[in-house]
Amino acid sequence: MEQQNQNQDAGLFGLSIDTTGREHLTEAARWARFLAIVGFVFIALFAVLAIAGGSYFANMFGRANQFNEVGSGFTTGMTIGIIIYYLCVALLVFLAYLFLYRFAVNMRMALQGNNQELLNRSFQNLKILYRYWGILTAIGLVFFALFVVIAVLGRGSM
Amino acid sequence: MEEDQSILELQVDETASKNLSDATRWAKFLSITAFVCMGLVVIFFIALRSQIASAFSEVIPGFSDIDSLGMLIGIIVIAAGIVCLLMYFLFRGSVLIKKGIESKNQDMFNHGLASLKTYFIMYGILTIIGLVANLVSIF
């Protein structure tokens, strides 16, 4: 009973989404939704271009290899490799925009329906979005550092 | 009456606080990384300006003159400045939201949300500018 009273006190005197916060979050969610939709369209275009570009590379490699022993196996492998690489990049970016979209949509519904659960889900997606970008950035930084180290060592041994 | 309204308002409860704190931690990391990267890009371009000018002059004839190089460095500095401004709003938002949650300060929390909103608006406007620029270059 005492604990229940304490929780209620925390709810009454803790942070809330007041009118000002509500306005800011509504606007943020509107722009986030716009950004996510634009992102989805661009990823779809990117995926189409990746597949189309793959067939272009297949033709290019095919013409280059028509007189040598490497043959069509290499060409097909190279083409599939390029397509898979670009589709993986598209998938990685798509996931980020999916979290952004979920943040925006859940926030909008939470604010419209005064739904605490949706608000929490929205903030959870915002957390996942930034964590996801953070981890990708950290991985990118590690690769960049490795590249710099290898470049310096390579230059030193020359 | 006001108390009734506060009960009906959405609360930043324990789950929301935890999620927001985690989000702000990563957002802060991302913004600081962006500041450092933009600084490094600008330093890199200024330090290696002569090499970059000679590399560009092979592709674009007459690039090596001082005006073209100055313009390139100017564009890089402006682009870095825009990214830094965008990331400043993300940084400010994450710091204020975190402090607001820790000190249970509603005003500070709202200022953090305002910065987050500005970040999304600026990101959206830059996206629109990018889209328009791409469309103009196509037609």
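Residues numbered from 1 in each chain as written. Chains lettered and ligands numbered in written order. Predicted model: local features only at pLDDT ≥ 70, side-chain atom pairs only at ≥ 80, totals over all residues. Heavy atoms only, no water.

Moving on, we come to the layout of surface pockets. Reported here for the largest pocket is a volume of approximately 470 Å³. Trp133(A), Leu86(B), Met87(B), Tyr119(B) and Tyr123(B) are the residues nearest the centre of the largest pocket, which is lined by 18 residues in total. Residue assignment for the lining of the largest pocket shows that the elements contributing at least two residues are helix 3 (71-113) and helix 4 (116-157) of chain A together with helix 2 (14-47), helix 4 (66-103) and helix 5 (106-138) of chain B. Classifying every residue of the lining of the largest pocket gives 16 nonpolar, two polar and no charged. (1 Å grid on protein atoms, 1.4 Å probe; cavity = no way out; pocket = protein on both sides within 12 Å on 5 of 7 lines; lining within 4 Å. Points joined across faces, edges and corners; volume = space filled by probe spheres on them. Helix = DSSP H or I, 4+ residues; strand = E, 2+ residues; numbered from the N terminus. Nonpolar A, V, L, I, M, F, W, Y, C, P; charged D, E, K, R; others polar.)

Facing the 41 residues of chain B at the interface are 43 residues of chain A. Carbon and sulfur atoms make up 71% of the area that chain B and chain A hide from each other, which totals about 3,800 Å². On the chain B side of the contact with chain A, Leu10(B), Trp26(B) and Phe120(B) bury the most area, a combined 20% of that side's loss. At the boundary of chain B and chain A, one finds one salt bridge. Our count for the chain B to chain A interface comes out at 11 residue pairs in polar contact (both at pLDDT 80 or more). Secondary structure elements with two or more residues in the side of chain B that touches chain A: helix 1 (2-8), strand 1 (10-11), helix 2, helix 4 and helix 5 of chain B. Ranked by residue count, the leading element in the side of chain B that touches chain A is helix 5 of chain B, at 16 residues. Class assignment for the residues of the side of chain B that touches chain A results in 24 nonpolar, 11 polar and six charged. (Contact = heavy atoms within 4.5 Å. Buried area = accessible area lost by both parts, 1.4 Å probe. Salt bridge = Lys/Arg side-chain N within 4 Å of Asp/Glu carboxyl O. Polar contact = N/O pair within 3.5 Å; in protein donor to acceptor, adjacent residues only side chain to side chain.)

What follows concerns the side chain of Lys127(A). Relative to the helices and strands, Lys127(A) resides in helix 4. One buried charged residue, Lys127(A), remains without a salt bridge, the closest side chain of opposite sign being Asp22(B) at 4.3 Å. Apart from residues lying up to four places away in sequence, Lys127(A) is in contact with Asn19(B), Asp22(B) and Ala23(B). (Buried < 20%, exposed > 50% of the residue type's maximum accessible area, 1.4 Å probe, protein only. Lys, Arg positive; Asp, Glu negative; His and termini not counted.)

The phi dihedral of Asn114(A) is positive, around 50°, even though this residue is not glycine. Tracing the chain through its elements places Asn114(A) in the loop between helix 3 and helix 4.

End to end, helix 5 of chain B covers 48 Å across 33 residues, agreeing with the expected 48 Å (1.5 Å per residue, within 8%). Capping the start of helix 5 of chain B, Asn105(B) holds a side-chain oxygen 3.1 Å from the backbone nitrogen of Asp107(B), two or three residues further along. (Expected span 1.5 Å × (residues − 1).)

Looking now at the nonpolar core. Core analysis: the biggest nonpolar cluster contains 48 residues, and Ile17(A), Leu100(A), Leu126(A), Tyr130(A), Phe109(B) and Phe120(B) have the highest contact counts within it. Of all the secondary structure elements, the ones that give two or more residues to this core are helix 2 (19-64), helix 3 and helix 4 of chain A together with helix 2, helix 4 and helix 5 of chain B. Element by element, the count of residues in this core is highest for helix 3 of chain A, at 10 residues. Setting aside its immediate chain neighbours within four residues, Tyr130(A) contacts Ala23(B), Trp26(B), Ala27(B), Leu30(B), Leu90(B), Leu116(B), Tyr119(B) and Phe120(B). (Core = buried A, V, L, I, M, F, W, Y, C linked by side-chain atoms within 4.5 Å.)

Of all residues in chain B, 90% attain a pLDDT of 70 or more, and the chain-wide mean is 88. For this predicted complex, the interface confidence reaches an ipTM of 0.86, while the overall pTM sits at 0.85. (pLDDT = per-residue confidence, 0-100.)

Let's shift gears to empty space enclosed by the protein. If a probe as big as a water molecule is rolled over the atoms, it shows which places are left empty. Under the counting rule described, the total for this entry stands at one cavity of 30 Å³ or more. If you add up the space inside the largest cavity, you get close to 50 Å³. For the lining of the largest cavity, the elements supplying multiple residues, two or more each, are helix 4 of chain A together with helix 2 and helix 4 of chain B.

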